[in-house]
Amino acid sequence: MYDMRIENEMFERVQNETPISYDDLRALMHRNPDKTYFVFPEDRTWPIYMTDTIPSRWKDRTPGHSFSGQAQPGEFYTFQLAVYACRMKLENIGIEFSDLVSESGSRINAEAFKCFNLGGIDCFGRPFSKNITVPTGKLQTLWIGVQIPENAERTIYKGEIKIKPEDLPETSIEIDLSVDGEVLADGGVSEPWRHSRLKWLDSTIAIDDGITAPYVPVSQEGSTIKYLCRETTLNADGLPASLVSFVNDTIDGLTEDGREILAAPVKFCVVSDNGEVAWRDSKFSMGEKSDAKVCWHNEKSSDELVLKCDGWVEYDGFTGYRITLKALKTTSLKDVYLEVPFRRDVAVYAMGLGHKGGYRPASVDWKWEMTLNQDTLWMGDVNAGLMIRLLGPEYEKPHMLFYYVNKPLKMPKAWFNEGKGGCTVREEENDRVVFRAYSGDRILEEGCELHFYFDLMVTPVKFINREEHWNCRYYHSIPKKVEDVVKAGANVINVHHGKAMSPFINYPFIEHEALAEFVKECHKHGIKTKLYYTVKELTYRMVELFAFKSLNGEIIAEGNGVGFFRYMQEQDEWLAKYLGPNFIPAWKSRLKNEKYNGVMEASVVVNPMSRYNNYYLEDINWMLENTNIDGLYFDDVAYDRTILRRVRKVLDRHHEGCMIDLHSWNYFKNNTIDDSRLAGWGNSVNLYIDGFPYIDRMWFGEGFDYDETPDFWLIEMSGIPFGMMGEMLQNGGNSYRGMVYGMTGRLPSVDPTGLWKLWDEFGILDARMLGYWNSNCPVRMSRPDVLATVYAKKDKAMIAAASWADGDVEARLVIDWDALGLDPAKTRLEVPEIHCFQSAQNFDINDSIPFEKGKGWIFILTQE
């Protein structure tokens, strides 16, 4: 049983570390009068947190001498070199490694070394480098790793490391590394105190062209590109001439003809003082093609300008456009705009650009503003829609939640144009609804470029997996006994942080053995187990915390030390003491469980798209191998769709049936709520829509109002228009309205067991779901504010009806018997008793049925 003893001792040492006194520092500098900087080697079991001075225990050390360590074959061995700029600023620090050589001539090549502070591999798989500067009086810790070969001779190896600041003398550190003991087949990652997991920062796991289920390889036939249940046809400029969804109106299969989204081809127009620019020499060509992606390029010119358009479609339907406009001579531009004309019959609903999800407003007028986390519009119908996102090369993913104010959306320079840019939606002639993104007038100087980027995604992104939805019954807590979950009828457990087997947020390793035993017990009872694990916050108990701190804002997000959560200030004080002032406090609590009761929990915000994502992906893989979890539960995620796709691959490649739940807080409550203001009034769906191909179900979520209108339910909470189903959270949701969209709450916060029992008795797996939003729904209610969804089978039907009326009302069932396929003369109506939902009633099919405010009924129609 791994007991974390060494890790806990390290943590205590850090907390007991004291800075050197003024007199001791003066004495140290006096003993080394010729040194402009000091280098102190340090063992990995003494993580260095200080940056403004040096630890007092170094007062008698001789700087820049030697380091001795003990490693094992196969280990990724780590240690620290602390550089203190005692007399002057250090710039552009370089490091040079030598081979490590034994007396017998055995060798560990210099290429086996790396310094994580100088760069590595980013989360897109691209190499990068960093320039290190150390101001006078500051301490910079450099974390070094060296991969010991598994077949390394067990002996002592010697070498040197040179620290080389620009324009200053280099410092040589002699290295004596003793290699002995058993081979560490995993490199040491199973023992966090070794800091061997730092190598995960440069991992490229799951960066490949593999296709994730349920998707198929993208294909091309002439100018038409086909991908799962959708297709794009390009015009001669490389822009969409046609966007078609082949998803049927129940989102569970294909239609033969498909549904066209566009009323006319997409246009990208440049307007000068002389009118719309007339292009010539247009050259279109298809580019790179693989199972995962199809690319193309178009280039055209005028006397004043050159326009280059690069585009691609990926197998999940994500489409990117990168348009560059360059001035051959200084040109006055009146506007550069993107125009997307929707068919009016498709543009039923809309979401984004300052509007909640729901029925499309007659018009939209929107301007760029940094306080708004808004750059995306979705518009369409349930089975055919389009996401449009505007961005530029300066785009960086903003912080999530109320941390948004610390890193808001960067304005895309070309679209923003110093506040002149914006977006409109207008109803026009010929049954068109036109989205236009304009940028306004400007002078484009000779040789200068503008970069207009935009992304598209046709929705739904996949078919709804109703079998998975109806079969998965959730228990969102840790039961006293697994048998209790079985008896309740649940078969999926989410393990949340704060529990004894996962005490600290987003760091599940600490009690992984207890978690593995729990998963094993669940699997014996046929229960899947998913783990709360996301990237947003980083617990202060993470062993690598101070190594991450040494990366100077690369992973730990920079801020002013003031967070949204103002309670439990001692947690923030601890973070300020050991991390300094430049951090953003995040989740904090006092743990309440049998093993860690009363223990402090504190965390910091991490940057969305850092190398930490590589670490996180490797840790997911490690958790799969060592605990056999069945998926993940996301409580908002900071990273983008590319990381989410990698997560999906890691899960699916370990074993079939892994699942991902996405829970999100409501970023757009209303314009008077402080936490919505801090979060930038973004639409939660729009923030994640291009990652939906890799999500199994939505759980939106905290802060969502279940008294919202039905169209808001459909677009922002149900998941249906995007190819998945949803669940309810805030205060348990509204079970009556939820069943109109196939949604329930989760045990034990609410009790859906009566509904589960009804589903099984009715045989909902074999039923076709026809919601009020479907034009061919065979059952309506006599009032427009009472809505019904039908779950239809061959000889019976279940009707979920709920009221959105302002008070108690009565409504009758209006049934199209031919469409329903039942004989009214042979069909009886039953209102069954459903535990925690409704009592049995004796209504007649033609009765005017009472509906209490906010409530509803489930009816069963059975043909005798």
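As shown above, the structure is provided for reference.
Bear in mind that the values here come from a model prediction, so they are computed numbers and not experimental data.

Reading the values: the criteria
Residues numbered from 1 in each chain as written. Predicted model: local features only at pLDDT ≥ 70, side-chain atom pairs only at ≥ 80, totals over all residues. Heavy atoms only, no water. Helix = DSSP H or I, 4+ residues; strand = E, 2+ residues; numbered from the N terminus. Rg over C-alpha atoms; globule rule 2.2 N^0.38 Å. Contact = heavy atoms within 4.5 Å. Pairing = 2+ DSSP bridges. Axes fitted to C-alpha atoms, helices over the stretch in contact; angles between N-to-C directions. Salt bridge = Lys/Arg side-chain N within 4 Å of Asp/Glu carboxyl O. Parallel < 35°, antiparallel > 145°, perpendicular 65-115°, else oblique. Nonpolar A, V, L, I, M, F, W, Y, C, P; charged D, E, K, R; others polar. Phe/Tyr/Trp six-rings, centres within 6.5 Å; stacked < 30°, edge-to-face > 60°. Buried < 20%, exposed > 50% of the residue type's maximum accessible area, 1.4 Å probe, protein only. Lys NZ or Arg CZ within 6 Å of the ring centre and 35° of its normal. Expected span 1.5 Å × (residues − 1). Arc of directions from axis to C-beta. Polar contact = N/O pair within 3.5 Å; in protein donor to acceptor, adjacent residues only side chain to side chain. Core = buried A, V, L, I, M, F, W, Y, C linked by side-chain atoms within 4.5 Å.

Peer 1: Could you give an account of the overall build of the protein chain, naming the residues involved and the relevant values?
Peer 2: Assigned secondary structure in the protein chain consists of 16 helices and 53 strands. On C-alpha atoms alone, the protein chain measures out to a radius of gyration of 30 Å, which is about the 29 Å that the 2.2 N^0.38 rule sets for 864 residues. Seen through its principal axes, the protein chain has C-alpha atoms that stretch 100 × 75 × 50 Å. Pairs at least 24 apart in sequence give 71% of the contacts found in the protein chain among residues at least 6 apart.

Peer 1: Pulling in residues and values, what's your account of the sheet that holds strand 7 (residues 113-115)?
Peer 2: With antiparallel pairing, four strands are arranged side by side in an open sheet as 1-3-10-7. In the strand order of this sheet, the two ends are held by strand 1 (38-42) and strand 7, each with one partner. Along the sheet, successive strands turn relative to each other by an average axial angle of 25°, direction set aside. Bridge analysis of strand 1 against strand 3 (residues 76-84) gives five bridges, and the strand direction is antiparallel. Bridge assignment links Phe40 to a residue of strand 3, and that residue is Ala82.

Peer 1: Before we move on, can you summarise the environment of Glu394 with the specific residues and values?
Peer 2: Mapped onto the fold, Glu394 is located in the loop between strand 29 (384-391) and helix 3 (413-416). Between the alpha carbons of Glu394 and Lys410 there is a distance of 7.0 Å; along the sequence they are 16 residues apart. Setting aside residues up to four positions removed in sequence, Glu394 forms contacts with Lys410, Met411, Pro412 and Lys413.

Peer 1: Describe the pattern of salt bridges, listing the residues and the values that go with them.
Peer 2: Scanning the model with the defined rule gives 66 salt bridges in all. Residues Glu191 and Arg194 are paired through a salt bridge, measuring 2.9 Å at the closest nitrogen-oxygen approach. Look at the salt bridges and you will find they share partners, linking Lys114, Lys130, Asp202, Glu554 and Arg611 into a network.

Peer 1: How would you summarise the pairing of strand 11 (residues 156-164) if you had to cite specific residues and measurements?
Peer 2: Remember that side chains alternate between the two faces of the sheet whenever the strand is regular. As paired strands, strand 4 (residues 94-97) and strand 11 are joined by four bridges and run antiparallel to one another. Paired with Glu96 across the two strands is Lys162, which belongs to strand 11. Examined bridge by bridge, strand 5 (residues 100-102) and strand 11 share two bridges and lie antiparallel to one another. Residue pairing across strands places Val101 opposite Lys158, the latter belonging to strand 11. Bridge analysis of strand 11 against strand 12 (residues 171-179) gives eight bridges, and the strand direction is antiparallel. Note on strand 12: the bridge partner recorded for Ile163 is Thr171. Counted along the chain from strand 11 to the antiparallel partner strand 12, the turn is six residues long, and its residue Asp167 has a positive phi close to 65°.

Peer 1: Let's hear about the packing of helix 1 (residues 5-16) against helix 8 (residues 569-579): which residues, and what values?
Peer 2: At their nearest, the axes of helix 1 and helix 8 sit 10 Å apart, and the two run at 80° to each other. One way to sum up the angle between helix 1 and helix 8 is to call them roughly perpendicular. Of the residues in helix 8, those in contact with Phe11, Val14 and Gln15 of helix 1 are Trp574, Lys577 and Tyr578. For the contact of helix 1 with helix 8, the per-class residue count stands at four nonpolar, one polar and one charged.

Peer 1: Requested: an account of the sheet that holds strand 13 (residues 219-221), with residues and values cited.
Peer 2: Whether parallel or antiparallel, the strands of a sheet pair through hydrogen bonds between backbone atoms. Spatially, five strands are ordered 13-14-15-16-17 in an open sheet, and the strand pairing comes out antiparallel. The open sheet has two edge strands with one neighbour each: strand 13 and strand 17 (254-260). The average angle at which neighbouring strand axes cross in this sheet is 25°, direction not considered. Sheet topology note: the strand 15 (residues 230-234)/strand 16 (residues 240-247) ladder contains five bridges and is antiparallel. From the neighbouring strand, Glu231 faces strand 16, where its bridge partner is Val244.

Peer 1: Can you tell me about the packing of aromatic side chains, naming the residues and giving the values?
Peer 2: Evaluated as defined, the whole model comprises 51 aromatic pairs. Each ring, one from Trp296 and one from Tyr321, has its centre 5.8 Å from the other, and the planes form 65°; the classification is edge-to-face. Highlighted residues: Trp296 in strand 21 (residues 293-301) and Tyr321 in strand 23 (residues 319-327), separated in sequence by 25 residues. The class for Tyr321 is buried, based on a relative accessible area of 0%. Measuring from centroid to centroid gives 5.9 Å for Phe700 and Phe704, while their planes differ by 25°, and the two rings are stacked. The buried category is assigned to Phe700, whose relative accessible area is 0%. Look at Phe704 and you get buried, because its relative accessible area is 2%. In textbook terms, an aromatic cluster arises when at least three aromatic residues are bridged by ring pairs, as seen for Phe11, Tyr49, Tyr540, Phe546, Trp574 and Tyr578. Between the NZ or CZ atom of Lys356 and the centre of the ring of Phe712, over which it lies, the distance is 6.0 Å. The ring of Phe762 has Lys793 sitting right over it, with the charged end atom 5.3 Å from the ring centre.

Peer 1: Give me the lowdown on helix 1, citing residues and values where you can.
Peer 2: Taking 1.5 Å of rise per residue, twelve residues should cover 16 Å, and helix 1 covers 17 Å from first to last C-alpha, within 8% of that figure. Turning to helix 1, its buried residues are Glu7, Met10, Phe11 and Val14. Down the axis of helix 1, the buried set is contained in an arc of 100°. They therefore lie on one face. On its buried face, helix 1 sits against helix 7 (545-549) and helix 8.

Peer 1: Could you give an account of the environment of His663, naming the residues involved and the relevant values?
Peer 2: Tracing the sequence through the fold places His663 in strand 42 (residues 659-664). The spatial distance from the C-alpha of His663 to the C-alpha of Met728 is 9.6 Å, given a sequence separation of 65 residues. The contacts of His663, once residues within four sequence positions are left out, are Tyr633, Phe634, Asp635, Asp636, Trp699, Phe700, Gly701, Glu702 and Leu729. One polar contact links the side chain of His663 to the main-chain carbonyl oxygen of Trp699, over a distance of 2.9 Å.

Peer 1: An account of the nonpolar core is requested, with residue identities and associated values reported.
Peer 2: Judged by nonpolar contacts, the single largest core of 172 residues is most densely connected at Phe548, Tyr616, Phe634 and Phe692. Among the elements that line this core, the one with the most residues is helix 9 (residues 612-627), at eight residues. The contacts of Phe692, once residues within four sequence positions are left out, are Val461, Lys462, Leu662, Val685, Met698, Phe722 and Met724. Within the second largest apolar cluster, 59 residues are counted, among which are Val266, Leu338, Tyr404 and Met411.

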